[in-house]
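Okay, here's what each chain looks like letter by letter:
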Amino acid sequence: MPELVEISSDEFLLHPYASWKYQNFLLTCGDFATNQYNTMTIGWGSFGRMWQKPFAMVVVRPSRFTFEFMEAFSTFTLCMLPLEFKPAISLLGTKSGRDGNKIAESGLTIVPSVRVPSPSFAEAELVIECQKTYWQDFDPTHFIDPSIQIQYPNQDYHRVYFGEILMIRGLDCFSRSQ
């Protein structure tokens, strides 16, 4: 398993567009200690600063099983895995946790996180632990670019969640100080 180091938000380095587009993140929400959690692959989101805090922004459709966990629990994690795990990442994005134990099927190792109850993955090269701070449902009447509506043929608009980043752990390459 990769050796992760704690990285302050001020030292955090990431190629955000490439990370979301090509590597994706595993969004996991729930409570490791009680064995109540779910994960899904996400390719849409952002990182930044809001309300004087570092944040991660993710979106989840209400039809996804993970949505129930995002509503019930106050924390989530984002894990980036090396590209060699692309088949597992794909499986976690296409199968539902409602239908079985897709995490076990993926072959990945779920582990407790350091600061939050939501678990992370031992294989991750980057783990971002977050506390939810805000949510809002997308309102299609606010789409300025009409092409956005194409993403919603079933009108199942995402809910956006902001999470304050409480901890970042990653390989040295994700730290400006290295």
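Up top is the structure these notes are about.
This section reports on the structure supplied with the text. As the structure is a prediction and not an experimental result, all values here were calculated from the model.

## Examining helix H2 (residues 65-72)
At step 1: Three or more residues of H2 are buried, namely Phe65, Thr66, Phe67, Phe69 and Met70.
At step 2: On its buried face, H2 is in contact with strand E2 (25-31), strand E3 (36-42), strand E5 (53-60), strand E6 (75-80), strand E9 (126-137) and strand E10 (159-170).

## Section: the environment of Gly93
At step 1: Along the chain, Gly93 turns up in helix H3 (residues 86-94).
At step 2: Assessed through its relative accessible area of 24%, Gly93 is described here as partly exposed.
At step 3: In this structure, the C-alpha to C-alpha distance between Gly93 and Ala33, residues 60 residues apart in sequence, is 24 Å.
At step 4: Once residues lying within four places of it in the same chain are set aside, the contact partners of Gly93 are Thr41 and Arg64.

## Observations concerning the pairing of E10
At step 1: Burial analysis of E10 places 10 of its 12 residues in the buried class, which makes it a mostly covered element.
At step 2: In terms of strand pairing, E5 meets E10 through 6 bridges, oriented antiparallel. Opposite Val59, over in E10, you have Val160 as the bridge partner.
At step 3: Looking at chain direction, E9 and E10 are connected through 11 bridges and run antiparallel. Across the sheet, residue Lys132 finds its bridge partner in E10, namely Gly163.

## Things to note about H3
At step 1: Those residues of H3 that sit buried are Ala88, Ile89, Leu91 and Leu92. Considered in projection along H3, the buried side chains sweep an arc of 160° and stay on one side of the axis. Among the exposed residues of H3, those oriented more than 90 degrees off its buried face are Pro87 and Thr94.
At step 2: On its buried side, H3 packs onto helix H1 (16-23), E2, E3 and helix H4 (102-106).

## So, the nonpolar core
At step 1: By size, the foremost hydrophobic cluster in this structure holds 27 residues, and its most contacted members are Phe25, Leu27, Val58, Leu78, Leu126 and Ile128.
At step 2: Mapped onto this core, the elements with two or more residues apiece are E2, E3, E5, H2, E6, E9 and E10.
At step 3: Considering each element in turn, this core owes the most residues, 4 residues, to H2.
At step 4: Dropping the residues within four chain positions of it, Leu126 is found in contact with Leu4, Phe12, Leu14, Phe25, Leu78, Cys79, Met80, Ile168, Arg169, Gly170 and Phe174.
At step 5: In this structure, Leu81, Leu92, Leu108 and Val127 belong to the second largest nonpolar core, which totals 15 residues.

## Remarks on unusual backbone geometry
At step 1: Residue Trp51 is not a glycine yet carries a positive backbone phi of 55°.
At step 2: Within the secondary structure layout, Trp51 lies in the loop between strand E4 (45-50) and E5.
At step 3: When its relative accessible area of 47% is taken as the criterion, Trp51 is described as partly exposed.
At step 4: With a phi close to 55°, Gln155 is a non-glycine residue in the positive phi region.
At step 5: Tracing the chain through its elements places Gln155 in the loop between E9 and E10.
At step 6: Judged by relative accessible area, Gln155 falls into the exposed class, the value being 57%.

## Focus: the packing of aromatic side chains
At step 1: One pass over the full model with this rule turns up 15 aromatic pairs.
At step 2: Between Phe55 and Phe162 the ring centres are 5.0 Å apart and the planes differ by 35°, which places this aromatic pair in the tilted class. Pair noted here: Phe55 is in strand E5 and Phe162 is in strand E10, with a separation of 107 residues, a long-range link. Across this residue pair, the class does not change: Phe55 and Phe162 are buried.
At step 3: Feature note: the residues Phe12, Trp20, Phe25 and Phe47 constitute an aromatic cluster, connected by ring pairs.

Reading the values: the criteria
- Residues numbered from 1 in each chain as written.
- Predicted model: local features only at pLDDT ≥ 70, side-chain atom pairs only at ≥ 80, totals over all residues.
- Heavy atoms only, no water.
- Buried < 20%, exposed > 50% of the residue type's maximum accessible area, 1.4 Å probe, protein only.
- Helix = DSSP H or I, 4+ residues; strand = E, 2+ residues; numbered from the N terminus.
- Contact = heavy atoms within 4.5 Å.
- Pairing = 2+ DSSP bridges.
- Arc of directions from axis to C-beta.
- Core = buried A, V, L, I, M, F, W, Y, C linked by side-chain atoms within 4.5 Å.
- Phe/Tyr/Trp six-rings, centres within 6.5 Å; stacked < 30°, edge-to-face > 60°.

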